[in-house]
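# Summary of structural features
Chain residues, written in single-letter form:
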Amino acid sequence: MNAEAGGAAAVAELDPEERLDLLLRDLRSTRKGLASREAARRLVRYGPNELRRRGGRRWPGELVRQVTHPLALLLWAAVLLAWWAGIAAVAVAIVVVIVVNAAFAFVQEMQAERAVETLAAYLPAHATVVRDGHVQQVEAVTLVPGDVLLIEEGDRISADARLIEGGIEVDLSPLTGEAMPAYRAADRVDVHVPLLSARDLVFSGTTCTEGEARAVVFATGMHTELGRIAALSERVEREISPLEAQVRRVAWLIAVIAVVMGVAFLPLAMFAAKLPFHDAVVFAVGLLVGNVPEGLLPVITLALALGVRELVRRGAVVKRLSAVETLGSTDVICTDKTGTLTENRMQVTAAWTAAGQRDLADIPATGALPDEEALCALATVMAWCNNAQLDAPGGPVGDATELALLAAAGRLGCGVGTDERDAGRRRQFHFDPVRKLMSTVDQRDDDRLWIDVKGAPEALLPRCDSIRQADGTVGPLTEQRRRTIAAQVDAFARQGLRVLAAAERQLTADAGLPERREEVEVRLVFLGLVAMADPPRPEVADAVARCHSAGIRIIVVTGDHALTATAIAGQVGIGGPSPKVVTGDVLDHMPEHRRPPLASSRNWANQWTGRSPIGAHRRHQWCRPPDEPRLEGPQPPGRSPCDGLRHHHDRGS
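Helix and strand counts for the chain stand at 25 helices and 18 strands. For the chain, with 653 residues in total, the buried portion stands at 48%. Of the roughly 30,500 Å² that the chain leaves accessible, carbon and sulfur atoms contribute 58%.

The general pattern is negative phi for most residues beyond glycine and trans for most peptide bonds. For Asp-132, which is not glycine, the phi torsion reads 55° and is therefore positive. Here Asp-132 shows up in the loop between strand E1 (126-131) and strand E2 (134-139). With a relative accessible area of 42%, Asp-132 lands in the partly exposed category. Here Lys-436, not a glycine, exhibits a phi torsion of approximately 60°, which is positive.

It is worth spelling out the packing of helix H10 (residues 242-272) against helix H11 (residues 277-291) at this point. Close contact between H10 and H11 brings their axes to 8 Å; oriented N to C, the two are set at 155°. With respect to their mutual orientation, H10 and H11 come out roughly antiparallel. You can see that H10 and H11 cross each other, and the crossing is right-handed. Residues Ile-254, Ala-258, Val-259, Met-261, Gly-262, Phe-265, Leu-266, Ala-269 and Met-270 of H10 pack against Phe-277, Ala-280, Val-281, Phe-283, Ala-284, Leu-287, Leu-288 and Asn-291 of H11. Its residues placed into classes, the contact of H10 with H11 shows 15 nonpolar, two polar and no charged.

For the rest of this paragraph, the subject is the environment of Pro-298. Looking at the element boundaries, Pro-298 is found in helix H12 (residues 296-313). For the pair Pro-298 and Ala-102, spaced 196 residues apart in sequence, the C-alpha separation works out to 9.2 Å. With residues near it in sequence (within four places) discarded, Pro-298 still touches Val-97 and Asn-101.

The topology assignment puts Leu-461 in the loop between helix H17 (457-460) and strand E14 (464-468). Under the relative-accessibility criterion, Leu-461 is labelled buried at 13%. The spatial distance from the C-alpha of Leu-461 to the C-alpha of Ile-485 is 8.7 Å, given a sequence separation of 24 residues. Setting aside anything within four residues of it in sequence, one finds Leu-461 in contact with Leu-477, Arg-482, Ile-485 and Phe-526.

The next thing to look at is the packing of helix H18 (residues 479-494) against helix H21 (residues 562-571). The contact between H18 and H21 brings their axes to 7 Å, and the two run at 20°. With respect to their mutual orientation, H18 and H21 come out roughly parallel. Note that H18 runs across H21; the crossing there is right-handed. Note on element contacts: H21 touches H18 through Leu-563, Thr-564 and Ala-567, opposite Asp-490, Ala-493 and Arg-494. Residue classes in the contact of H18 with H21 are distributed as three nonpolar, one polar and two charged.

Now for the nonpolar core. Core analysis: the largest hydrophobic core is formed by 45 residues, its most contacted members being Leu-143, Leu-149, Ile-151, Leu-163, Ile-168, Val-202 and Phe-203. Elements with a contribution of two residues or more to this core: helix H2 (20-27), E1, strand E3 (148-151), strand E4 (160-171), strand E6 (201-202), strand E7 (207-219) and helix H9 (225-235). Broken down by element, this core gets its largest block of residues, seven residues, from E7. In this structure Val-202 touches Ile-151, Ile-157, Ala-159, Asp-160, Ala-161, Leu-163, Ile-168, Val-170 and Arg-184, once residues within four positions along its chain are discounted. Ranked by size, the runner-up nonpolar core spans 30 residues in total, among them Leu-403, Ala-409, Leu-527 and Met-532.

Turning next to the side chain of Arg-421. Mapped onto the secondary structure, Arg-421 falls in helix H16 (residues 418-424). Discounting residues that sit within four places of it in the chain, Arg-421 has contacts with Ala-383, Trp-384, Asn-386, Asn-387, Ala-388, Gln-389, Leu-406 and Val-416.

Another aspect to go through is the pattern of salt bridges. Side-chain pairing between opposite charges can occur once the charged atoms of the two side chains come close. Tallied over the full model, the rule gives 23 salt bridges. One salt bridge in this structure joins Arg-19 and Asp-21, with 2.9 Å as the shortest N-O distance. The residue Asp-542 makes a salt bridge to Arg-546 at a minimum N-O spacing of 3.3 Å. Of this pair, Asp-542 and Arg-546 both sit in helix H20 (residues 540-549), four residues apart, which is roughly one turn of that helix. Residue Asp-542 is classed as partly exposed on the basis of its relative accessible area of 47%. Given a relative accessible area of 53%, Arg-546 falls into the exposed group.

Before going further, it helps to examine a nonpolar patch on the surface. Judged by side-chain polarity, Trp-83, Val-92, Val-96 and Val-100 come together as a nonpolar surface patch covering roughly 420 Å² of accessible area. For the nonpolar patch, the element with the most residues is helix H6 (residues 88-109), which contributes three residues. Its place among the elements puts Trp-83 in helix H5 (residues 70-84). Using a relative accessible area of 58% as the deciding quantity, one classes Trp-83 as exposed.

This paragraph deals with the pairing of strand E10 (residues 356-359). Pairing analysis gives four bridges linking strand E9 (residues 347-353) to E10, with the strands arranged antiparallel. Paired with Trp-352 across the two strands is Gln-357, which belongs to E10. In this structure, the hairpin formed by E9 and E10 is closed by a connection of two residues.

To continue, consider the confidence of the model for the chain. Across the chain, the average pLDDT comes to 78, with 78% of residues at or above 70. Averaged pLDDT values for the elements of the chain fall to 38 in helix H25 (residues 643-650) and rise to 96 in E14. The low-confidence segment residues 603-614, where pLDDT is below 50, has 74 contacts with residues more than four positions distant or belonging to other chains.

Attention shifts here to H18. The terminal C-alpha atoms of H18, which comprises 16 residues, lie 23 Å apart, in line with the 22 Å expected from a rise of 1.5 Å per residue. Where H18 ends, the next residue or the one after it, Gly-496, has phi of about 80°, a positive value.

What counts and how
- Residues numbered from 1 in each chain as written.
- Predicted model: local features only at pLDDT ≥ 70, side-chain atom pairs only at ≥ 80, totals over all residues.
- Heavy atoms only, no water.
- Helix = DSSP H or I, 4+ residues; strand = E, 2+ residues; numbered from the N terminus.
- Buried < 20%, exposed > 50% of the residue type's maximum accessible area, 1.4 Å probe, protein only.
- Areas by Shrake-Rupley, 256 points an atom, 1.4 Å probe, with all protein chains shown as cover.
- Axes fitted to C-alpha atoms, helices over the stretch in contact; angles between N-to-C directions.
- Parallel < 35°, antiparallel > 145°, perpendicular 65-115°, else oblique.
- Left-handed = near helix turned anticlockwise from the far one by under 90°.
- Contact = heavy atoms within 4.5 Å.
- Nonpolar A, V, L, I, M, F, W, Y, C, P; charged D, E, K, R; others polar.
- Core = buried A, V, L, I, M, F, W, Y, C linked by side-chain atoms within 4.5 Å.
- Salt bridge = Lys/Arg side-chain N within 4 Å of Asp/Glu carboxyl O.
- Patch = residues over 30% accessible without salt bridge, like charges linked within 9 Å, V, L, I, M, F, W, Y side chains within 5 Å.
- Pairing = 2+ DSSP bridges.
- pLDDT = per-residue confidence, 0-100.
- Expected span 1.5 Å × (residues − 1).

The structure is reproduced here in structure tokens:
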């Protein structure tokens, strides 16, 4: 155990974002991996690469809890009194009720205690490494920091590692909840960014969806990002649900009434009815036992089980029986915007170029090229810097946003077929959540190489130094024009529209194919803005109104522009006339003393960004009313659906 503690300290001191040669030095490793003997020594020091419970098994305590909660204790007292009074049949019946109910409830409750086992299922059984200079397959639990890991398409990554060769696409959804794969490559070096945003790091439990790479392991087991989530899930203390608190109060009330009635009956039986003392005591005990509701406990359990069955039939995942009642005590709902409040059915409604704003509804769907040169250039980049397929055999394939851009480009007469686009593509730099950009290098109809870029306006505009003017010529991007573009972005966002910007640059004839992203996304020609509508679901406004009538606050959590989030929230009735909008960066740096006013505010339409599991856990805590208990834990730098999961389970949902 001391060796493992020393290993933990060593891992904590590592900086996986430092220069690769320094990281290899700190790990005492090389690009050729470790020797088998050294790997065995490190396995003793760092411990096995697995997720483990801290504190041992919990089922004995859970089983004891099922037979010692207040109502069960009241029934046990009734058993003892009935047995002492000679009413053996009643005593046995009550014991059967206690045991059957405890067994049924125990099986249901233990489902909530499998958070670590669920996370452990993300880890593979074997991994491919370089040891003793040779590629070999080993058990994933034997991986240690310093191992060189080989990653191929379809592999589930076994540990947190830094890429040293190649590039891959990685499904980070177990950690971030993002469905789209992220591109990670050895040459995408990032420093001073959250670990999950670093483009040269891969993480345990994620899956390689495309490409090949080699990586050096810097963290294993409970020291990985997945391990930190597992540790966080175990650190949560179990809270009493509202139903359990009510049952406890009822149990004490019944006990007091039964005892008072039993004691009060003794003098009446002895002096009024002239019963012997022994008979009076037996009669008082029978009266006391009769006041204990033996059927209350199984009735509660059965009613909750029926409620769970109904929720499961409607597609809900329920881990605890008390979740059924806890749902009725909900006072805050945090909801995503895209696909939850909205239909996730994007449609380009307007475009803006130096020639002004054009509504696509005013352009006939004839496929003819528009007169404006700038609008044509914008539509061309929308079609080329795109991976969606409108003409796929089984129907449209791809992201809803990219499908909408392709459809709009086709309407403007600048569409491009999938085969033509793939044949002309020379390089692709996948969408980067840190840079908020996607770039491609394409060989278009004129056989010249063009750089095509699309992304968030606030990220793309600073990388442009010129603009495509209304007549098609290129002019300087002055400060006045930048302010005009920023004002147009805000105008679109206030209408609840999602806004993307596009830019391009033509490479000179003697320029080679750029290898690095930093060489591509510079000195760009700004083309214009595209505004897309994602209409709210028709049933959302009524659901929001019913939540508000029940006293439930609703908080919108989205990665979209703050003004867009505010507009959509207003359309469905969230936020009121003066909604409070807080970005993720602002919230992360907000002083603790300002949390209570935020938590108690009823006018929320928030934009929270970031991808840290611990960060999301912290924001979840800040949503809670200030008088509720909070979870305390480390807040390392660097959002996941996993971290809040255990807390919801422990509160019954």
